[in-house]
Amino acid sequence: MRPPSPNEESLQTSTSSNATATITSSGYRFSEPANNLDKLEYKSGGEDYYLGLRQSNASSSSPAYLSDSTSATSSSRFTAIRDMTGTNSPFKSSPWHHQSNLSLSTALLPAGTGLIDSFSRKEGHVLALTTGPNGLLYTGSDSKNIRVWKDGRDYTGFKSTSGLVKSIILDQNGRVLTGHQDGKIRIWKPSSRRPTVYKLVMCLPRLQDLIKNSLPGKKNNTGAKGPIRHTDVISCLSLNEDMSLIYSGSWDRTIKTWLVDKWTCVDSVRAHEDTVNAIAAGFNALIFSGSADGTIKMWKRETHGKKFNHRLVHILVKQDGAINTLIICTGTVGTTGTKKGLLYAGLSNGTIMCWKQQNGWEGEPEILQGHNGAVLCVAGPETGSLVFTGSADNTIRVWRRDEINSGPHVCLSVLTGHEGPVKCLAAVEDQVDIGFEDEDEDPTRYWILYSGGLDKSIKIWRVADPGEAPFDCF
């Protein structure tokens, strides 16, 4: 191995004494002691690692919490893009503690790939995040606060009456939908006059619907077959194709369907034998759900007038261990450019399964292997061929699929830096000119990847897709 450069030596001395930076053909990685994960104990009855978030399976009451009294170490491992440590920086008064104490040479990383910024916060573990218009980033945690970030800075925030925000999504009108510990969905909207002020416009189920359905002798006035209120934590949210329906999954083992224009629950299904950890609304009125019972189920939405019904079509997999996350991506198949869907599932055994729409969502899935811990999150941009996976092994893997030949996925790189399990990911295409001399001949596309972890930190990465067959990951 070649001698380390001064920048590499700086990297090694700036990390903890128990972790070292290793230069590899795909960039750099931190080698950490194997007992780092001894703090985690997997509970088969739920998708969360036992960090005080979940005490037992879905039949239990809502979870307890870890104390936030222990603060995480804050660091910025890559500051070549911007310096946000000036005296006027919003981070000085933010609950996020930001430092720029390390300069990382781009020579250590694949061209165009690197860690842009990193923040640590005391509010709690980062459990959910999503991107919005105009460069906004929304984050939720096991505190009661939802934070909004813009250009890497604390932009604004809003507070709910319930903590443990495990899911955040945006609808087509820019409204923010959050799923909470108390079994409610809250809808927020920025003020037209003051965009930094977010107002609570709706809480589901509505109080008036709860009162009507509690009256003796009254049928469910919303049309739902079962109870219209979740009795445990809402773990996941998803919108259908035209964003007219909201799907919510819960630790109470049910999936509920909500009509956006009327804000009413129109269907409720007892979907699994254990906690519902993930839900993804797909093409052609299909909905996929994943559970701690080890199954992934495919449901078909049917409408009869104003009534909705969801019929179980197929069980894609049934195995030991929890299904932690599901997403649906759109990919190009063959040289004709036909768009087809792909379903990705993250499992507790460290693997990722991929089903293709062209196979009718059935048949044997492709298995992606590489993580040394449970896969807790998967993200895929609306365009492009990259898929990102976060794991309890504290790493993020970047995968690229062979869209032209429908070949297997290949791991492009492994991103390290989190000091705890990576719980949530979101990716958008990078529109910033990074200064290549001949951009017409450069096939590389670049993505901004946001990651949130149980180390109470959020990190921002730039990831390059070279557009050619890469080497395999270590």
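Residues numbered from 1 in each chain as written. Predicted model: local features only at pLDDT ≥ 70, side-chain atom pairs only at ≥ 80, totals over all residues. Heavy atoms only, no water.

**Some thoughts on the overall build of the protein**
Each helix and strand counted, the protein has two helices and 31 strands in total. Buried positions account for 57% of the 474 residues belonging to the protein. Excluding contacts between residues fewer than 6 apart, the proportion of contacts in the protein whose partners are at least 24 apart in sequence is 51%. Here the protein displays about 20,600 Å² of accessible surface, and carbon together with sulfur accounts for 47% of that area. (Helix = DSSP H or I, 4+ residues; strand = E, 2+ residues; numbered from the N terminus. Buried < 20%, exposed > 50% of the residue type's maximum accessible area, 1.4 Å probe, protein only. Contact = heavy atoms within 4.5 Å. Areas by Shrake-Rupley, 256 points an atom, 1.4 Å probe, with all protein chains shown as cover.)

**Regarding the sheet that holds strand S5 (residues 126-131)**
Pairing between sheet strands relies on hydrogen bonds along the backbone, with the strands arranged either parallel or antiparallel. Strand order in the open sheet formed by four strands is S5-S6-S7-S8, and the pairing between neighbours is antiparallel. The outermost strands of the open sheet, each flanked by one partner alone, are S5 and strand S8 (153-159). Neighbour-to-neighbour, the strand axes of the sheet open up by a mean angle of 25 degrees, direction not taken into account. Pairing of S5 with strand S6 (residues 136-141), which is carried by five bridges, proceeds in the antiparallel orientation. If you follow Ala-128 over to S6, its bridge partner there is Gly-140. (Pairing = 2+ DSSP bridges. Axes fitted to C-alpha atoms, helices over the stretch in contact; angles between N-to-C directions.)

**A short note on the environment of Arg-175**
Positionally, Arg-175 belongs in the loop between strand S9 (167-170) and strand S10 (176-179). Each C-alpha atom, one on Arg-175 and one on Leu-200, is 9.8 Å from the other, the two residues being 25 residues apart in sequence. Sequence-distant contacts of Arg-175, defined by excluding residues within four places in its chain, comprise Ile-169, Leu-170, Ile-187, Trp-188, Lys-189, Val-260 and Trp-263.

**Details of the pattern of salt bridges**
Taken as a whole and assessed by the stated rule, the structure comprises 10 salt bridges. We note a salt bridge from Asp-182 to Arg-186, for which the minimum N-O separation is 2.7 Å. The partly exposed category is assigned to Asp-182, whose relative accessible area is 25%. Across the pair Arg-400 and Asp-465 runs a salt bridge whose closest N-O atoms are separated by 3.4 Å. Of this pair, Arg-400 sits in strand S27 (residues 396-400) while Asp-465 sits in strand S31 (residues 457-465); the two residues are 65 residues apart in sequence, bridging distant segments of the chain. Each member of the pair, Arg-400 together with Asp-465, is buried. Here the salt bridges do not stand alone but share partners, grouping Glu-123, Arg-147 and Asp-154 into one network. (Salt bridge = Lys/Arg side-chain N within 4 Å of Asp/Glu carboxyl O.)

**Considerations on the confidence of the model for the protein**
The predicted structure's coordinates, where accompanied by low pLDDT, should not be read in detail. Looking at the protein as a whole, the pLDDT averages 75, with 67% of positions reaching at least 70. In this model, residues 1-109 is a region of pLDDT below 50 whose contacts with residues beyond four sequence positions or in other chains number 244 contacts. For the stretch residues 469-474, pLDDT sits under 50, and the model shows 21 contacts to residues farther than four places along the chain or on other chains. (pLDDT = per-residue confidence, 0-100.)

**Some points on unusual backbone geometry**
In the segment running from Leu-204 into Pro-205, the intervening peptide bond is cis, with an omega of 0 degrees. One non-glycine residue with positive phi stands out, namely Asn-394, at about 75 degrees. Position of Asn-394 relative to the elements: it lies in the loop between strand S26 (386-391) and S27. On the basis of relative accessibility, which here comes to 8%, the residue Asn-394 falls in the buried class.

**Structural notes on the packing of aromatic side chains**
Where two aromatic rings form a pair, the distance of their centres and the angle of their planes describe that pair. Under the definition given, this model contains five aromatic pairs. Ring plane angle 10 degrees and centroid distance 6.2 Å describe the contact between Phe-119 and Trp-149, whose orientation is recorded as stacked. One end of the pair, Phe-119, is in strand S4 (residues 114-121); the other, Trp-149, is in strand S7 (residues 145-150), and 30 residues separate them in sequence. Take Phe-119 and Trp-149: they sit in the same class, and that class is buried. Seen from their ring centres, Tyr-138 and Tyr-198 are 6.0 Å apart, and the 80 degrees between their planes marks the pair as edge-to-face. With Tyr-138 in strand S6 and Tyr-198 in strand S12 (residues 198-204), the pair connects residues that are 60 residues apart, well separated along the chain. Tyr-198 gets classed as buried once you look at its relative accessible area, which sits at 9%. (Phe/Tyr/Trp six-rings, centres within 6.5 Å; stacked < 30°, edge-to-face > 60°.)

**Re the environment of Ile-352**
In this fold, Ile-352 is placed in strand S23 (residues 352-356). The exposure class of Ile-352 is buried, given its relative accessible area of 1%.

**Quick notes on the sheet that holds strand S13 (residues 234-239)**
Spatial strand order, S13-S14-S15-S16: four strands in an open sheet with antiparallel pairing. Only two strands of the sheet have a single partner each, and these edge strands are S13 and strand S16 (264-270). The sheet shows a mean angle of 20 degrees between the axes of neighbouring strands, taken without regard to direction. Relative to S16, strand S15 (residues 254-259) runs antiparallel, the two being bridged by six bridges. Note on S16: the bridge partner recorded for Trp-258 is Cys-265.

**Observations regarding a nonpolar patch on the surface**
Taken together, Leu-207, Ile-211 and Leu-215 make up a surface patch of nonpolar side chains, about 290 Å² in accessible area. For Ile-211, the location among the structural elements is in helix H2 (residues 207-214). Judged by its relative accessible area of 46%, Ile-211 is partly exposed. (Patch = residues over 30% accessible without salt bridge, like charges linked within 9 Å, V, L, I, M, F, W, Y side chains within 5 Å.)

**Side note on the pairing of S26**
With six of its six residues buried, S26 lies for the most part within the structure. Every second residue of S26 is oriented toward a common face, with Leu-386, Phe-388 and Gly-390 on one face and Val-387, Thr-389 and Ser-391 on the other, all of them buried. Strand direction decides the pairing type here: strand S25 (residues 375-379) and S26, joined by four bridges, are antiparallel. Of the residues in S26, the one forming a bridge with Ala-379 is Phe-388. What sits between S26 and S27 in their antiparallel hairpin is a turn of four residues, with Asn-394 showing a positive phi close to 75 degrees.

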